[in-house]
Amino acid sequence: MVFITSPNHKTLNLNLNPKTTTLQTLKLQIEQTSHIPISQQRLFISQSLQLLTQSDSTLLSDLNISPLSTLTLHIPLFGGTQPPAVPKPRLDFLNSKPPANYVAGLGRGATGFTTRSDIGPARAAPDLPDRSATTIGGAAGAAPPGAGRGRGKPEEEEEEDDGEEKGYDENQKFDEFEGNDVGLFASAEYDDEDKEADAVWEAIEQRMDSRRKDRREARLKQEIEKYRASNPKITEQFANLKRQLYTVSAEEWDKIPDIGDYSARNKKRKFESFVPVPDTLFEKARQEQEHVTALDPKSRAATGTETPWSQTPVTDLTAVGDGRSTVLSLKLDRLSDSVSGLTVVDPKGYLTDLKSMKITSDAEISDIKKARLLLKSVTQTNPKHPPGWIAAARLEEVVGKIQAARQLIQKGCEECPKSEDVWLEACRLASPDGAKAVIAAGVKSIPNSVKLWMQAAKLEHDDSNKSRVLRKGLEHIPDSVRLWKAVVELANEEDARLLLHRAVECCPLHIELWLALARLETYDNAKKVLNKAREKLSKEPAIWITAAKLEEANGNTSVGKIIERGIRALQREGLVIDREAWMKEAEAAERAGSVATCQAIIRNTIGIGVEEEDRKRTWVADAEECKKRGSIETARAIYAHALTVFLSKKSIWLKAAQLEKSHGTRESLDALLRKAVTYRPQAEVLWLMGAKEKWLAGDVFNARKILEEAYAAIPNSEEIWLAAFKLEFENHEPERARLLLAKAREKGGTERVWMKSAIVERELGNLDEERKLLAEGLKRFPSFFKLWLMLGQLEERLNHLDKAKETYDSGLKHCSNSIPLWLSLANLEEKMNGLSKARAVLTMARKKNPQNPELWLAAVRAELRHGNKKEADILMAKALQECPNSGILWAASIEMVPRPQRKTKSMDALKKCDHDPHVIAAVAKLFWLDRKVDKARTWLNRAVTLAPDIGDFWALYYKFELQNGTDESQKDVLKRCIAAEPKHGEKWQPISKAVENSHQPTEAILKKVVVALGKEESAAENNRQ
């Protein structure tokens, strides 16, 4: 056996004897196995890398090849599969240096010439070098020494000579982004087809990127969290230590030494120079602070009314600053309200007030003069330029010279009579009485200006006068849709119909006028109007939708046919049916009350442009989006169409049933579920939903009937057995419930059947029968922890604590991972033997079940019940280290710390688990204690939204509303809690599962939990006191 390692890293096993096999036989065997010719085989010994070049008749054993040896097969590369060419013999004189001024071929009369290959393509190639030097003469003159005819190239210049033979370097065509194509297409034009192709590829890339976005973001988030966990900040590492600084006393703080500035030795000393102060400076400072009470003789000579400038003392800058602040405060007081101190400055009219201020500054006056001079030059040099006249008039208006502004704009109207902007500016600047005359002159000069006619109508105060002006404008501009709309809005119904008849004649391509006329006409006339509109606007979908609404409003059933025919007609006209746009039209039809039209649109357009494999996912997503937007009928129509295609899809039936349950009637939900179980008789959840709805409606008889039909369709179904038991048990029929469970046990029921059987016996008070059922159930299902738990609780109720302990111990042998069993045993040990035994049980439980927050929390609370605050804090710190993302631990730690530190602790908790309902409820309690009612209500609502199945949060929310809310808010919380039907919670479960509360409704249990929370808070306050 000899092993051959091939070039593709695979090993060939050849069953050969090295002592009897020659090298030629080995090569033939390799050729038969790998199809590699013998001429291309190069064999090496793998360990020594020695090439086997011996004679083919040599035995392998003579080459030191033994059995199980490994040889390496190498194939030389000769530029493809061709063997290397035999080099031509080189002549000696070609190796010598050519004489000076030597030109090849010149002796035999050859001259240089240029071919097409030298010139290149007709278009310029900017990325290629100049090839004019590659002609015969140029090439000969530029040839390097020693590079002549028949002579090979030196090895170090081989690549450069290749480029010279081709006339350009191939590497110049390569671009890092576009590759080799940049040289080929550098001079090509970028036309519309290229642009469209780039847009298509860009859309594809965006689509692919959006599909990978969630995974990429999740991966990035995971990497960031991993990096932060492995590289925490210094502040995070010492956060717990910094919080513990509050325990340091004042004496300990004083004993902490100050840190010296050891960096001073590295700092360069600044050079300080001291200059003696002259006496004149001190004298000047003294004079400035001196107060003179006597008048100067010169001022007395001037009767004391003039002060010579030389005698004026130097101004005190501090006093000047105080004076300026006083003046500013007086100005602000004028703008403030005398009652509340709020500003009365109008923010909207502030700029207008600035324009009305008088300009007194010399700089401002100079700027205005320059602007006036500039605008005067503009209007004189180019008087036909309307913006120049408008700017000049507005400048005078800002200055306050309104009359000059009117004169300027009047000149502008004379110079530019065809500019509607100038006429509109003149109308604005004119007085109320003169505005009509100005606009009349404007429409006379420009009778086809819609803006001027609209402005003329605005100047009128009476609707009849406005209508007359607009009709006058329509005589000049009959195809103005804006004027037609304005005049129709001012007319009554009869006149509006006549006007719209004329409007559609003048503007036949405007859809709004046709639709408005159809709404005003009778049924028959409206059909005629829409038919005419369809002839004029054959590509307008709104006409077909309006026709369908018209038929629906008149009670006709041809709505679906109209929409179907309309879509076919639009497709024949070449219009692309936009599925999203048609869905928006369906929602608009639903809002308008045209439900049949909405359904017809969905039925005919929902499948357009959707791939067959994407239909279910796309349609369900569309229905959910419509449901979020409040378009219930549209969502119902989408589900109805989807169910015609996917009759056997249970998920679509369930979503449609949820929609009917939330927004439909009991009759519609019952009809849907009946239809669902017809097509999916094996779906248990559909049968159970129908039975539950009947039970909630109070129709117990029909609920039983549905369950009987379900059992006939799905025999031996445990879910249906348990549903039938619950129906009888909740309706106070314990005997029926016992019979159903007995039959279920005979049929080989699971552990849940035995548990429910024990619950019924506990409800009826049959303790012996309950113990018997639990014992039989544990024989069948020893690993079901709930049976052990119920048996232990039974012994505790009978005060058989030793038997209860034995039961819990036995249960933990079979279910060592059951947290409720460990907690029950710890509570029992604490009751029987004290804290030390309970502590040992919880420690053992944590060893068996690491990183379990419930066990840590039980240990902390056990220490707190016995007043061991320090031990509880230590355990909580360890618990948070082991379970850093546990919401119940963070919520408990917030309540354990003193009140001033709870805010900081809550911020840390939110950083670790932002969306945990326990943390959110704890933060809501903090806001509640601080009397921040709105914030507390928001956070409590967030908690019950995140975890609607936890009854403790509902009880806390309801208690909050009882203290701070209104009757409406209390009823709303109660209604939401009943709809949520919570089943879990630390306070909720003991009360809801108590024997006396087994048949209590959710409302009664909620109120009892609220009372329990109040008692717990009172006990906690008493303990603090």
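Predicted, not measured: the structure shown is a model, and the values here were computed from it.

## Focus: the overall build of the protein chain
Phase 1: Broken down by element type, the protein chain carries 52 helices and 5 strands.
Phase 2: The buried share among the 1025 residues of the protein chain stands at 32%.
Phase 3: Pairs at least 24 apart in sequence give 51% of the contacts found in the protein chain among residues at least 6 apart.
Phase 4: With the model as given, the accessible surface of the protein chain reaches about 66900 Å², and the carbon-plus-sulfur share is 53%.

## Here's the deal with a negative patch on the surface
Phase 1: Residues Glu189, Asp191, Asp192, Glu193, Asp194, Glu196, Asp198, Glu202 and Glu205 make up a contiguous surface patch of negative charge.
Phase 2: Considering the arrangement of structural elements, one finds Glu189 in the loop between α5 (181–184) and α6 (192–230).
Phase 3: Since its relative accessible area comes to 70%, Glu189 is described here as exposed.

## Quick notes on helix α18 (residues 432–445)
Phase 1: Taking 1.5 Å of rise per residue, 14 residues should cover 20 Å, and α18 covers 21 Å from first to last C-alpha, within 8% of that figure.
Phase 2: All of the buried residues in α18 are Ala435, Ile439, Gly442 and Val443. Projection of α18 onto a plane perpendicular to its axis shows the buried side chains occupying an angular sector of 90°, all on one side. Residues Asp433, Ala437 and Lys444 are exposed on α18 and point more than 90 degrees away from its buried face.

## Thoughts on a positive patch on the surface
Phase 1: The grouping of Arg207, Arg211, Arg212, Arg215 and Arg219 at the surface amounts to a positive patch.
Phase 2: Position of Arg219 relative to the elements: it lies in helix α6.
Phase 3: Take Arg219: its relative accessible area is 47%, and that puts it in the partly exposed class.

## Quick word on the pairing of strand β1 (residues 2–5)
Phase 1: Of the two faces of β1, the one lined by Val2 and Ile4 is fully buried and the one lined by Phe3 and Thr5 carries no buried residue.
Phase 2: Relative to strand β5 (residues 70–74), β1 runs parallel, the two sharing 3 bridges. Counterpart to Thr5 in the pairing with β5 is Thr72.

## Quick word on the nonpolar core
Phase 1: Counting residues in hydrophobic clusters, the biggest one holds 112 residues, and the most contacted among them are Leu483, Trp484 and Ile638.
Phase 2: Each residue touching Leu483, except ones within four places of it in the same chain, is listed here: Val450, Trp453, Met454, Leu470, Gly473, Leu474 and Ile477.

## Quick notes on the packing of helix α40 (residues 801–814) against helix α41 (residues 819–833)
Phase 1: Between α40 and α41, the least distance of the axes is 10 Å, while the angle of their chain directions is 150°. When the interaxial angle is binned, α40 and α41 end up roughly antiparallel. For the element pair α40 and α41, the recorded crossing hand is left-handed. Contacts from Leu801, Asp802, Ala804, Lys805, Tyr808, Asp809, Gly811 and Leu812 in α40 reach Leu821, Trp822, Ser824, Leu825, Leu828, Glu829, Met832 and Asn833 in α41.
Phase 2: Across the contact of α40 with α41, the residue classes tally to 9 nonpolar, 3 polar and 4 charged.

## What to know about the side chain of Lys27
Phase 1: Counting through the fold element by element, Lys27 comes out in helix α1 (residues 23–34).
Phase 2: Classification of Lys27 by relative accessible area gives buried; the value is 12%.
Phase 3: With sequence-adjacent residues up to four places away left out, Lys27 is seen in contact with Ile38, Gln41, Leu43 and Asp56.

## Brief notes about the environment of Leu864
Phase 1: Relative to the assigned elements, Leu864 resides in helix α43 (residues 853–865).
Phase 2: Accessibility expressed as a relative area gives 34% for Leu864, which makes it partly exposed.
Phase 3: When the C-alpha atoms of Leu864 and Met896 are compared, they prove to be 9.4 Å apart, with 32 residues separating the residues in sequence.
Phase 4: Beyond its immediate stretch of four places on either side in the chain, Leu864 contacts Lys869, Ala872 and Met896.

## With respect to the packing of aromatic side chains
Phase 1: Enumeration according to the criterion identifies 5 aromatic pairs in this entry.
Phase 2: Here the aromatic rings of Phe927 and Trp939 are separated by 6.0 Å at their centres, their planes lie at 50°, and the arrangement is tilted. Placement of Phe927 in helix α47 (residues 917–929) and of Trp939 in helix α48 (residues 933–946) is noted, with a sequence separation of 12 residues between them. Here the two residues Phe927 and Trp939 agree in accessibility, since each one is buried.
Phase 3: Ring geometry for Trp928 against Phe960: centres 5.3 Å apart, planes inclined by 90°, an arrangement best described as edge-to-face. One end of the pair, Trp928, is in helix α47; the other, Phe960, is in helix α49 (residues 951–964), with 32 residues separating them in the sequence. The pair formed by Trp928 and Phe960 is uniform in burial state, with each residue classed as buried.
Phase 4: Cation over ring: Arg745 sits above Trp754, and NZ or CZ is 5.5 Å from the ring centre.

## Here's the deal with helix α42 (residues 835–848)
Phase 1: When the terminal C-alpha atoms of α42 are compared, their 20 Å separation across 14 residues agrees well with the 20 Å that a helix rising 1.5 Å per residue should span.
Phase 2: Listed as buried for α42 are Leu835, Ala838, Val841, Leu842, Ala845 and Arg846. Within α42, the buried residues cover an arc of 135° as seen down the axis, which keeps them to one side. Away from its buried face, by an angle of more than 90 degrees, α42 presents the exposed residues Ser836 and Lys847.

## A closer look at unusual backbone geometry
Phase 1: Even without glycine at this site, Asn799 takes up a positive phi of about 65°.
Phase 2: Structurally, Asn799 is set in the loop between α39 (785–797) and α40.
Phase 3: The exposed category is assigned to Asn799, whose relative accessible area is 57%.
Phase 4: Unusually for a residue other than glycine, Gln851 sits at a positive phi of about 60°.
Phase 5: Topologically, Gln851 is positioned in the loop between α42 and α43.
Phase 6: The exposure class of Gln851 is exposed, given its relative accessible area of 58%.

## Section: the pattern of salt bridges
Phase 1: Scanning the model with the defined rule gives 45 salt bridges in all.
Phase 2: A salt bridge links Glu795 to Arg771; the nearest nitrogen and oxygen atoms lie 3.3 Å apart. Of this pair, Glu795 sits in helix α39 while Arg771 sits in helix α38 (residues 767–780), and the two are 24 residues apart along the sequence.
Phase 3: For Glu795, a relative accessible area of 5% gives the class buried.

## Points about the state of the cysteines
Phase 1: In this structure the tally under the stated criterion is 0 disulfides.
Phase 2: Cysteine Cys506 is unpaired, with the sulfur of Cys507 as its nearest cysteine sulfur at 6.0 Å.

## Looking at the confidence of the model for the protein chain
Phase 1: Looking at the protein chain, the pLDDT average stands at 78 and 79% of residues meet or exceed 70.
Phase 2: Low confidence marks residues 122–173, where pLDDT is under 50. Its contacts with residues over four positions away, or in another chain, come to 48 contacts.
Phase 3: Every residue in residues 298–315 is under pLDDT 50, and counting partners more than four places away or in other chains gives 8 contacts.

## Re the packing of helix α31 (residues 650–663) against helix α33 (residues 684–696)
Phase 1: For the pair α31 and α33, interaxial distance at closest approach is 11 Å and the crossing angle is 15°. Comparing their axes, α33 and α31 come out roughly parallel. Where α31 crosses over α33, the two elements pack in a sense that is left-handed. On α33, the residues touching Lys650, Trp653, Leu654, Ala657, Gln658 and Lys661 of α31 are Val685, Leu686, Met689 and Glu693.
Phase 2: A class-by-class count of the residues in the contact of α31 with α33 yields 6 nonpolar, 1 polar and 3 charged.

The rules behind each value
- Residues numbered from 1 in each chain as written.
- Predicted model: local features only at pLDDT ≥ 70, side-chain atom pairs only at ≥ 80, totals over all residues.
- Heavy atoms only, no water.
- Helix = DSSP H or I, 4+ residues; strand = E, 2+ residues; numbered from the N terminus.
- Buried < 20%, exposed > 50% of the residue type's maximum accessible area, 1.4 Å probe, protein only.
- Contact = heavy atoms within 4.5 Å.
- Areas by Shrake-Rupley, 256 points an atom, 1.4 Å probe, with all protein chains shown as cover.
- Patch = residues over 30% accessible without salt bridge, like charges linked within 9 Å, V, L, I, M, F, W, Y side chains within 5 Å.
- Salt bridge = Lys/Arg side-chain N within 4 Å of Asp/Glu carboxyl O.
- Lys, Arg positive; Asp, Glu negative; His and termini not counted.
- Charge placed at Lys NZ, Arg CZ, Asp CG, Glu CD.
- Expected span 1.5 Å × (residues − 1).
- Arc of directions from axis to C-beta.
- Pairing = 2+ DSSP bridges.
- Core = buried A, V, L, I, M, F, W, Y, C linked by side-chain atoms within 4.5 Å.
- Axes fitted to C-alpha atoms, helices over the stretch in contact; angles between N-to-C directions.
- Parallel < 35°, antiparallel > 145°, perpendicular 65-115°, else oblique.
- Left-handed = near helix turned anticlockwise from the far one by under 90°.
- Nonpolar A, V, L, I, M, F, W, Y, C, P; charged D, E, K, R; others polar.
- Phe/Tyr/Trp six-rings, centres within 6.5 Å; stacked < 30°, edge-to-face > 60°.
- Lys NZ or Arg CZ within 6 Å of the ring centre and 35° of its normal.
- Disulfide = S-S within 2.5 Å.
- pLDDT = per-residue confidence, 0-100.

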